[in-house]
Amino acid sequence: LECDDPRRRPIEKQAEADRLHARFLSPSSDFAAIIRLWRWYRDQTASASQSAARRLCKDNFISYPRMRDWIDLRDQLERLCKELALDTASTSGGDAGLHRALLSGLLGNLGQRDPEAHDYRGARGIRFALFPGSGLAKLKEPKPATGSSPARRPAAPSRDWIIAGELVETSRLYARTAACIDPAWIEPAARRLCKYSYHSPAWDPARGFVRVKERVTLFGLVLVQGRTRDYSRIDPAESRAVFIREGLVAGAFPAPVPPFLAATLARTRALLDAEEKTRQHGALFNPDAAFAFYDARLPPAVCNAPDLRK
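These numbers were taken from a predicted model, which means no experiment stands behind them.

1. Details of the confidence of the model for the protein chain
Next up, step 1: Summary statistics for the protein chain give a mean pLDDT of 89 and a share of 94% for residues scoring 70 or more.
Next up, step 2: Considering each helix and strand of the protein chain separately, the mean pLDDT is smallest for helix α6 (residues 135–138), with a value of 82, and largest for strand β7 (residues 209–218), with 96.
Next up, step 3: Low pLDDT, under 50, characterises residues 144–154; the predicted model gives this stretch three contacts beyond four residues in sequence or across chains.

2. Observations concerning the nonpolar core
Next up, step 1: The biggest cluster of nonpolar side chains holds 20 residues, and the ones touching the most others in it are Phe243, Leu248, Leu298 and Leu308.
Next up, step 2: Of all the secondary-structure elements, those providing two or more residues to this core are β7, α8 (236–249), α9 (259–278), α10 (287–297) and α11 (305–309).
Next up, step 3: In terms of residue count, α8 provides more of this core than any other element does, five residues in total.
Next up, step 4: Each residue touching leucine 298, except ones within four places of it in the same chain, is listed here: Arg240, Phe243, Ile244, Leu248 and Leu308.
Next up, step 5: Core analysis: the second largest hydrophobic core is formed by 19 residues, Leu110, Ala190, Leu218 and Leu223 among them.

3. Some thoughts on the sheet that holds strand β6 (residues 195–204)
Next up, step 1: Read across the sheet, three strands follow the order β6-β7-β8 without closing on themselves; strand pairing throughout is antiparallel. The sheet is open, and its two edges are formed by β6 and β8 (221–230), each paired on a single side. The mean inter-strand angle of the sheet, taken between neighbouring strand axes irrespective of direction, is 15 degrees.
Next up, step 2: With eight bridges connecting them, β6 and β7 associate as antiparallel partners. Bridged to lysine 195 within β7 is threonine 217.
Next up, step 3: Docked against the sheet, α8 engages β6 and β7, running at close to 15 degrees with respect to β6.

Definitions and cut-offs
- Residues numbered from 1 in each chain as written.
- Predicted model: local features only at pLDDT ≥ 70, side-chain atom pairs only at ≥ 80, totals over all residues.
- Heavy atoms only, no water.
- pLDDT = per-residue confidence, 0-100.
- Helix = DSSP H or I, 4+ residues; strand = E, 2+ residues; numbered from the N terminus.
- Contact = heavy atoms within 4.5 Å.
- Core = buried A, V, L, I, M, F, W, Y, C linked by side-chain atoms within 4.5 Å.
- Buried < 20%, exposed > 50% of the residue type's maximum accessible area, 1.4 Å probe, protein only.
- Pairing = 2+ DSSP bridges.
- Axes fitted to C-alpha atoms, helices over the stretch in contact; angles between N-to-C directions.

This is how it looks when you write it as structure tokens:
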């Protein structure tokens, strides 16, 4: 990426150059296309002379000096990796491993597709489009073969989220050297940079804990919307208050109910029934007093049904 692109497009032979370069393109990754070009050149020149390598480059509209730059830089990096005892032969990560490694250094070049505007929302409010020469823009997403079973259909690359090697301003802002990524990769790589907000805490009577909706953003881009979390891990004090009010005072407690609470709730129902019959609402049972009773006796760490049972 730091070297100049070795692919050449002479003005008088642009169509022919594009046709020959198309063999390297990928509908999901321009980074993978660079790897394909490198491997093709390495295989073609493994036992070739320098003059043969030059002819190969000329016939395929590739710059021989730029390929030499690639070779020299790769050799230097390989020596450094071996000194650090890193494995330079393994390809087990595949394209996904390549993109996850790149993502850690390109978090500011993320893009989320805006289907209405037909472009991408980027970090801190910027907007950009795919560069027309990108494989993501040139090639259509693969479609499953007719009649194939759902379990064996190839997964088409989603272009909802991308990373770009660089953002270049010409007639507009373009993403060059881009790749589709799984948005689930972003939060683990950027956790210390993400912003977390919470809303709508509510008691879950079936599971016996206070759930809350979580929203995760990175540089203004929404990564997660409406994920359910255990509120006691975020705000124990507020979670405890909701637990007492809804689970204990109101009685929405999941089975099995501790014996003391069962007896207390039975007494509460008797008082509420008596109020209903006499039409004296609030005369016999005071929810605020019940809340204060539990609040004074329960340890601060008790925020859910399992804690209370223990």
